[in-house]
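A structural walkthrough
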Amino acid sequence: MRRAATVGAVLAASMAVTLTPVTSSAAAPFQGANTAPVQDDFNGDGYRDLAVGAPAAAVGTVEGAGAVVVLYGSASSVNTTRRTVITQASTGIPGAAEEYDHFGGTVAGADLDRDGYADLLVSSPRENVDGAGESRGSVTVVWGGPGGLNGGATISPPAGYGEGRTACRFGMSIAAGDMDGDGAPEVGVGSGCGISAYSGPFTRTGQAAAHYREWRANARGVVMGDVNGDGRAERFYLAGPTGGDIRGPVRLDVGVLDPEDPLANYPVALPYADGHAGQIGDINGDGYGDLVTGIAYDGYGDAPTPAAHQGGEIQVLFGSAQGITADQKPQVFHQDTAGVPGAAEWGDQFGQSLSVGDVDADGYADVLVGAPGEAVGTLARAGTAVLLRGSAAGLTTAEAAGYTQNTAGIPGTAEADDSFGTAVHLADLDNDGKAETIVGTPGENSDGCAWIARGSAAGPVPDGSVNLCGKNAGITVGDYNASFGAALTSPHVEN
């Protein structure tokens, strides 16, 4: 009997306060800690919520400090009236709003303290930290509860992180999953200066039960999810472009670092796999999570080989009782693959963002891929998003669909540099069993927007879909585009 498709957690204002108080109708948390429904249910009412990063938003007169808006789910999905806007100037949030910190560069959700409410993890990848160098970066946790999000703490890197280096960008990716079966999520934080690994549960001071620095395998991207069906998450490290492999090597974490024996538990290389960002979900409905990775960097025509296929690509590695093994070769899709909408062109950035979820409730997870560099007609970088369907045979191009802001039923009009598809997300926000399709358009107007379409048996429904934009969601726009929609809780490549 086929198990229901599941999605592995991957974890990415002005005078920001809780603009509309949100209370839960539930007297107690909706479900047990760290189960899928509470990965992003911040107020415990049984509906998934939507976190949207606006990393270039102003905070008062402070340019580029950044903000995150959380839109609370309901039977009618989300809107901009039931929201919380969070910045580093918000009451109870550690740190200070400073120029170009880019708070909201990555957002993720996980129930860190096992109270049954999802907690919000937010990175500020360009934040300068005293004594730790320029753009060391920081990660903040904002605590969930029956009234929504309130108060926070800093999650600090392990000792020795980034010593003697700058531009580490701690928090380029954030992923969470229960690796040891105790109900508390483990967390991985990617950066340009190595991996930081944490074991839950976390206290309300932001302290993990244990943590360590994995210095043997660099990783901008971290992915977590169960690929062998044992109910425990595996963790994969995606280094991003390296001098020897610009497609990005992929490694499987096999255990805690032993400081006395650096060869013990050495991460296992997957030689046929590549990727800069990724997520896990059950695409073929066999009960095992499958790893989907994106490689958006094609070198724009002048990169050394091997690079991604022209325009970018995604890859799929399928889980099994043995997990994902080193001899497995992935399925590969790009815009020159028969049946994939669009045409492969240099700089399309197909795979810059991706999300795995079931849009039609058929039991197979589907994959939404962002290509924010795609031209729409003569409009450079207007952007597109492409949906590929899961099936018993794996990912397929049957019924594949492409979406731009010129697609019938989608609000707005495609314009140059809108970057539709910079971030994408599939999540069931109204609890009808079908994932909504969410696409970030951070270049839209001066604030940025997120397009949201309900799911159906036929897939996303453009008619009646909505464009929710930053100004209406409570962020402040300064002299620069605020980039609302640049980050959602599914992964994207943080450069």
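1. Considerations on the overall build of the chain
- The secondary structure content of the chain amounts to zero helices and 27 strands.
- Counting all 495 residues of the chain, 61% fall into the buried class.
- As displayed, the chain has an accessible area near 16900 Å², and 50% of this comes from carbon and sulfur atoms.
- Between the centroid of the 24 positive side chains of the chain and the centroid of its 58 negative side chains there is a distance of 2 Å.

2. Describing the nonpolar core
- Core analysis: the biggest nonpolar cluster contains 21 residues, and L50, V69, V78, I438, I475 and F484 have the highest contact counts within it.
- Only strand 1 (50-54), strand 2 (67-71) and strand 26 (449-453) provide two or more residues apiece to this core.

3. Re the sheet that holds strand 2
- Strands sit in the order 1-2-3 across an open sheet of three strands; the sheet is antiparallel. Edge positions in the open sheet fall to strand 1 and strand 3 (83-86), since each of these has one partner strand only. Taking the axes of each pair of neighbouring strands and ignoring which way they run, one obtains an average angle of 15° across the sheet.
- Relative to strand 3, strand 2 is paired through four bridges, and the arrangement is antiparallel. The residue of strand 3 that forms the bridge with V70 is T84.

4. Some thoughts on the packing of aromatic side chains
- Under the defined criterion, the tally for this structure stands at five aromatic pairs.
- Aromatic side chains Y161 and F170 sit 5.3 Å apart centroid to centroid with 65° between the ring planes, which places their arrangement in the edge-to-face category. The two residues Y161 and F170 agree in class, both being buried.
- Three or more aromatic residues joined by ring pairs make a cluster, and in this case those are Y403, F420 and W451.
- In this structure, R136 is placed above the aromatic ring of F170, and the distance from its NZ or CZ to the ring centre is 5.9 Å.

5. Regarding the state of the cysteines
- Inspection of the entire model under this criterion finds two disulfides.
- The disulfide partner of C168 is C193, and the S-S distance across this bridge is 2.1 Å. On the S-S bond that ties C168 to C193, the torsion sits near -80°, and the link is left-handed. Taken as a pair, C168 in the loop between strand 7 (152-155) and strand 8 (173-177) and C193 in the loop between strand 9 (186-190) and strand 10 (195-202) lie far apart in primary sequence, 25 residues in all.
- Here C168 falls in the buried class, since its relative accessible area comes to 0%.

6. Digging into the side chain of T106
- Looking at the element boundaries, T106 is found in strand 4 (residues 106-110).
- On the basis of relative accessible area, T106 is assigned to the buried category, the value being 0%.

7. Here's the deal with the side chain of R389
- Note that R389 resides in strand 22 (residues 384-389).
- Judged by relative accessible area, which is 6%, R389 ranks as buried.
- In this structure the side chain of R389 is engaged in a polar contact, spanning 2.9 Å, whose partner is the backbone oxygen of A458.
- Those residues within four positions of R389 in sequence are excluded, and the remaining contacts are V359, D360, D366, G394, L395, T396, A398, E399, A458 and G459.

8. Observations regarding the sheet that holds strand 23 (residues 396-403)
- Reading across the sheet, the four strands line up as 20-21-22-23 and stay open at both edges, with antiparallel pairing between neighbours. Lying at the two open borders of the sheet, with one neighbouring strand each, are strand 20 (353-357) and strand 23. Strand-to-strand twist across the sheet, computed as the mean angle between neighbouring axes with direction ignored, equals 20°.
- Pairing of strand 21 (residues 366-371) with strand 22 involves five bridges; the strand directions are antiparallel.

9. Here we look at unusual backbone geometry
- Following G200, the chain continues into P201 via a peptide bond in cis, with omega recorded as 5°.
- Mapped onto the elements, P201 comes out in strand 10.
- A positive phi is found at Y100, a non-glycine position, where the angle reads about 60°.
- A positive phi is found at H102, a non-glycine position, where the angle reads about 60°.
- Among the secondary structure elements, H102 is positioned in the loop between strand 3 and strand 4.
- In this structure H102 comes out as buried when scored by relative accessible area, which is 16%.

10. Quick word on the environment of T441
- Positionally, T441 belongs in strand 25 (residues 436-441).
- Relative accessible area serves as the criterion here: at 0%, T441 is assigned to the buried category.
- Residues T441 and D274, spaced 167 residues apart in sequence, show a C-alpha to C-alpha distance of 26 Å.
- Aside from chain neighbours lying at most four places away, what touches T441 is Q405, D418, S419, F420, G448, C449, F484 and G485.

11. Some thoughts on the confidence of the model for the chain
- Scored by pLDDT, the chain has a mean of 89; 90% of the residues are at 70 or more.
- Per-residue pLDDT stays below 50 along residues 1-34; that stretch engages in 129 contacts with residues further than four places along the chain or on separate chains.

12. Some remarks on the pairing of strand 12 (residues 221-225)
- The buried fraction of strand 12 amounts to five of the five residues, a majority that puts the element mostly inside the structure.
- The side-chain alternation of strand 12 yields two buried faces, one formed by G221, V223 and G225 and the other by V222 and M224.
- Strand direction decides the pairing type here: strand 12 and strand 13 (residues 234-238), joined by five bridges, are antiparallel. Within strand 13, the position partnered with V223 by the bridge is F236.

13. Focus on the pattern of salt bridges
- Going through the model one piece at a time under the given rule, you end up with eight salt bridges.
- Here R247 and D274 are joined by a salt bridge, their closest N and O atoms 3.2 Å apart. Of this pair, R247 sits in the loop between strand 13 and strand 14 (250-252) while D274 sits in the loop between strand 15 (268-269) and strand 16 (277-281), and the two are 27 residues apart along the sequence.
- A network of salt bridges, in which partner residues are shared, links D113, D115 and R204.

14. Description of the environment of G105
- If you trace the backbone, G105 turns up in the loop between strand 3 and strand 4.
- A residue is classified by how much of its surface remains accessible, and G105, at 5% relative accessible area, is buried.
- With 18 residues separating them in the primary sequence, G105 and T87 have C-alpha atoms 12 Å apart.
- Residues within four places of G105 in sequence aside, it is in contact with P55, S123, P125, A487, H492 and E494.

Thresholds, definitions, all that
By convention here, each chain's residues receive numbers from 1 onward along its written sequence. Totals for whole chains, interfaces and linings use every residue, but because this is a predicted model, local features are given only for residues with pLDDT of at least 70 and side-chain atom pairs only at 80 or more, for both listing and counting. With hydrogens and water stripped out, all remaining heavy atoms of the structure feed into the side-chain values. Note on conventions: DSSP H or I runs of at least 4 residues are helices, E runs of at least 2 residues are strands, and numbering of each starts at the N terminus. Only protein chains enter the accessibility calculation, which uses a 1.4 Å probe. A residue is then buried if its area is under 20% of the maximum for its type, exposed if over 50%, and partly exposed in between. Working definition of accessibility: Shrake-Rupley area with a 1.4 Å probe, residue cover restricted to the visible protein chains. Asp and Glu are treated as the negative residues and Lys and Arg as the positive ones, with His and the ends of the chain left uncounted. Working definition for charges: the position is that of NZ of Lys, CZ of Arg, CG of Asp or CD of Glu. To form a nonpolar core, buried Ala, Val, Leu, Ile, Met, Phe, Trp, Tyr and Cys residues must be joined to one another through side-chain atoms within 4.5 Å. Whether two strands pair comes down to DSSP finding at least two bridges between them. Working convention: axes come from line fits to C-alpha atoms, limited for helices to the stretch in contact. Angles between N-to-C directions cover 0 to 180 degrees. Note on ring pairs: Phe, Tyr and Trp rings are taken, using the six-membered ring of Trp, and paired if centres are within 6.5 Å. Classes follow the plane angle, with under 30 degrees stacked, over 60 edge-to-face and the rest tilted. Charge-over-ring placement is defined geometrically: NZ (Lys) or CZ (Arg) within 6 Å of the ring centre, and within 35 degrees of the ring normal. Cysteine sulfur atoms are paired as a disulfide whenever they come within 2.5 Å of each other. What qualifies as a polar contact is a pair of N or O atoms within 3.5 Å, subject to a donor-acceptor requirement within protein and to the restriction that residues adjacent in sequence count only when both atoms come from side chains. We call two residues in contact whenever any of their non-hydrogen atoms come within 4.5 Å of each other. The predictor attaches a confidence to each residue, and that confidence, scored 0 to 100, is pLDDT. Here, a salt bridge means any side-chain nitrogen of Lys or Arg that lies within 4 Å of a carboxyl oxygen of Asp or Glu.

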